[in-house]
Amino acid sequence: MELGKNHIGFTYTATGGKTFTTFNPKLNQANDITFTEATSEEIDTAVALATEAFNLYKNTSCKERALFINAIADEILALDDTLVQMYCQETGLPEGRAKGERGRTIFQLQSFANLLSEGSWVDATIDVANLDRTPFPKLDLRRMDIPLGPVVVFGASNFPLAYSTAGGDTASALAAGCPVIVKSHPMHAGTGTLVAEAICKAAKKTGMPDGVFSNLNSSGIEVGQQLVSHPKVKAVGFTGSIRGGRALLDLAAKRPEPIPVFAEMGSINPVVMLHKELEKNTSYWAEAYAQSISLGAGQFCTQPGLILSLKGEVFTNFTNLLVSEIKKIDSSCMLHPAIFEEFQSNKKISQSQSGLEVLTDENSVESPNFAPPSIVRIDGDLFLKNPILHQEVFGPYTLLVECESLAQMRTIITNLDGQLTASLIATEDEAKASFEIIEALQNRVGRLVFNGVPTGVEVCNSMVHGGPYPASTDSRFSAVGVHAIKRWVRPFSFQNFPDSLLPEALKEQNPLDIKQTRI
Ligand code: NAP
């Protein structure tokens, strides 16, 4: 394998003239490998290969695709320390995080392989014919989910493994039967190339068609734009900023044939703290939230960026303890100088807003790209009137809002943009007494946490990682958990088909032994 090249199906190419390197934010220096951005012709070739591969890949059995996806997991594990070292070099994140994220990636891949091995995910539904029905006979109708076609996946800056090359979007699209073209994230192009090689090895070993997967390097928006505009691409997965996700959504909508864009974007993840519970366990919640706010230098989409509580002694005590816990935590290295600079600039804009009080923002490590966790405070009234303060500051930054009343708190929640998560810190009794707060939160988010922190997204069937716009572009779907497969399929009906021509999932004798809903 040649690390700086593109994977166009099973072929490595680097015909373009535009090159770039990744960056080690801890050492504050560029890494050695030179990556070559994909050219317009290479993009066309990757899409043409994916289109051809789709004709074969969509007809592979679920069991064959399960073998392929399990083989990807095995090949990623076989990369061992090479992958961990590359990940750390390109992100400044510690080895423990790299291994943890690799474990999550493997688990996600295996979850989709298990889903395929069982097979019922296609939602086979059979309306049996009733030719005696009057006044018109009822015909035999059978529906199932079928794959959309080639999917483009944009790797996330903050999850080089779990939401990038072989992450949740790729795993779910491949499971659905869609070839994938990854627009590699330029901040971790080396990690991406290693994983791309693992996917191609797995595809060859399990007999998957050339073009079932491609990985394209890029250091600007042009490659992604050409991919999203390409008439043969049928859907897009994205994790990143609202600005980027929205641009791609608009681009996809303007195509002669618009296509779905499943983008997971910004979120400030409001936390509501009610006084009885907060008073009972003040130091516990101060410690738990200090950890959650600063985890991974705050570079998580579920980072708690906003805490709402009633003004008064209980919240003041909590605030004082939270600030003292935060001061014990060292500044940490952000993923890339660009992300660090954006954090600094967004923080400055937020901190300069009228009435905002900075409670802590002390840099304990004076090193480039290291950011201190910062806590700021404002009155409910001023927060409500200032939309700038409703925006995400991606990094270890949290705004505490002192509300005058529960009614004001509810108005604030109602006026927030859509969010991935919200959390409620309360005793069961006070939660029952403030049910209108729970309802207001439910209207704005995809997941509501009771007495916990929003960071730590379990990969399981009932997880919802999505939410009303702009947390995601389609709140009906989740980017995490096996239901994520539903983003890449469309429902399809066979009417009056002979059994011999039906796919196995819909045959009368149910040879796959899956759940068939018969009506
Ligand atoms: P980003 O700027 O949204 O970029 C994500 C990917 O989309 C990159 O590969 C980028 O390409 C591409 N892209 C961006 N704008 C595009 C456009 N107009 N047309 C086509 N492609 C486009 O996010 P990022 O660089 O990964 O991180 C920067 C910021 O994103 C962070 O500071 C943070 O605010 C946010 N972020 C949020 C989350 C979250 O989960 N909420 C996660 C990660 C990042 P190039 O890089 O090649 O230009």
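Preceding block: the structure.
Residues numbered from 1 in each chain as written. Predicted model: local features only at pLDDT ≥ 70, side-chain atom pairs only at ≥ 80, totals over all residues. Heavy atoms only, no water.

Peer 1: Sorry if this is basic, but what is going on with the site of the ligand here?
Peer 2: Taken together, 26 residues lie around the ligand, and Lys183, His185, Ser241, Met265 and Cys301 are the ones closest in. The contact in question runs from an oxygen atom of the ligand to an N or O atom on the side chain of Lys183, over 2.7 Å. The backbone of Gly220 places a nitrogen or oxygen atom 3.1 Å from an oxygen atom of the ligand. Compared with its free state, where it exposes 860 Å², the ligand has 89% of that area covered by protein. The dominant element in the shell around the ligand, judged by the number of residues it contributes, is helix α7 (residues 242-254), at 3 residues. Here the residues of the shell around the ligand sort into 11 nonpolar, 11 polar and 4 charged. Domain assignment of the residues forming the shell around the ligand places at least three in each of domain 1 (6-17 + 62-265 + 474-506) and domain 2 (270-450). (Near = heavy atom within 4 Å. Polar contact = N/O pair within 3.5 Å; in protein donor to acceptor, adjacent residues only side chain to side chain. Areas by Shrake-Rupley, 256 points an atom, 1.4 Å probe, with all protein chains shown as cover. Helix = DSSP H or I, 4+ residues; strand = E, 2+ residues; numbered from the N terminus. Nonpolar A, V, L, I, M, F, W, Y, C, P; charged D, E, K, R; others polar. Domains from an automatic or database assignment.)

Peer 1: In this structure, what is going on with the pairing of strand β13 (residues 261-264)? I would like to understand it.
Peer 2: In regular strands, side chains alternate between the two faces of the sheet. Burial along β13 is two-sided: the residues Val261 and Ala263 and Phe262 and Glu264 are all buried. Across 4 bridges, strand β12 (residues 235-239) lies against β13 in parallel orientation. If you follow Val236 over to β13, its bridge partner there is Val261. (Buried < 20%, exposed > 50% of the residue type's maximum accessible area, 1.4 Å probe, protein only. Pairing = 2+ DSSP bridges.)

Peer 1: Please explain the sheet that holds strand β17 (residues 357-360) as it appears in this structure.
Peer 2: Hydrogen bonds along the backbone pair up the strands of a sheet, which may run parallel or antiparallel. On the basis of which strands lie adjacent, the open sheet formed by 7 strands has the order β17-β19-β20-β15-β14-β21-β22 and mixed pairing. Single-partner strands in this sheet number two, and they are β17 and β22 (445-450). Averaged over neighbouring strand pairs, the angle between their axes works out to 20 degrees when direction is ignored. Bridge count between strand β21 (residues 419-425) and β22: 5 bridges; the pairing is parallel. Bridge pairing in β22 links Leu424 to Phe450. (Axes fitted to C-alpha atoms, helices over the stretch in contact; angles between N-to-C directions.)

Peer 1: I keep staring at the packing of aromatic side chains and nothing clicks. Help me out?
Peer 2: Two aromatic rings are characterised by how far apart their centres lie and by the angle between their planes. Scanning the model with the defined rule gives 12 aromatic pairs in all. Taken together, a centroid distance of 6.2 Å and an interplanar angle of 90 degrees make the contact between Tyr57 and Phe68 edge-to-face. Placement of Tyr57 in helix α1 (residues 40-57) and of Phe68 in helix α2 (residues 62-91) is noted, with a sequence separation of 11 residues between them. Assessed through its relative accessible area of 0%, Tyr57 is described here as buried. On the numbers, 6.3 Å between centres and 45 degrees between planes, the contact of Trp285 with Tyr289 is tilted. Taken together, the residues Trp285 and Tyr289, both in helix α9 (residues 282-294) and 4 residues apart, mark about one turn of the helix. Of the two residues, Trp285 and Tyr289, neither departs from the other in class, the shared state being buried. Put simply, the rings of Phe159, Tyr163 and Phe300 touch in pairs and so form one group of aromatic residues. If you follow Arg97 out to its NZ or CZ, it ends over the ring of Phe159, 4.9 Å from the centre. (Phe/Tyr/Trp six-rings, centres within 6.5 Å; stacked < 30°, edge-to-face > 60°. Lys NZ or Arg CZ within 6 Å of the ring centre and 35° of its normal.)

Peer 1: What exactly am I supposed to notice about the packing of α2 against helix α4 (residues 168-176) here?
Peer 2: Where α2 meets α4, the closest approach of the two axes is 9 Å, and the angle between their N-to-C directions is 155 degrees. Classed by the angle they form, the pair α2 and α4 counts as roughly antiparallel. Handedness of the crossing formed by α2 with α4: right-handed. Taking contact as the criterion, the partners of Arg65, Phe68, Ile69 and Ile72 in α2 are, on α4, Ala171, Leu174, Ala175 and Ala176. (Parallel < 35°, antiparallel > 145°, perpendicular 65-115°, else oblique. Left-handed = near helix turned anticlockwise from the far one by under 90°. Contact = heavy atoms within 4.5 Å.)

Peer 1: Looking at this structure, how should I read the pairing of strand β10 (residues 180-183)?
Peer 2: In β10, alternate side chains face the same way, and those of Val180 and Val182 on one face and Ile181 and Lys183 on the other are all buried. Pairing of strand β9 (residues 151-154) with β10 involves 4 bridges; the strand directions are parallel. Bridge assignment links Val152 to a residue of β10, and that residue is Ile181. Remark: the β9/α4/β10 crossover connection has right-handed handedness. Where β10 lies against strand β11 (residues 213-216), 4 bridges are found, and the strand directions are parallel. Paired with Ile181 across the bridge in β11 is Ser214. Read as a crossover between parallel neighbours, the route from β10 over helix α5 (residues 189-205) to β11 is right-handed. (Right-handed = clockwise from strand over helix to strand, strands pointing away.)

Function cannot be read off these values alone, since they describe shape.
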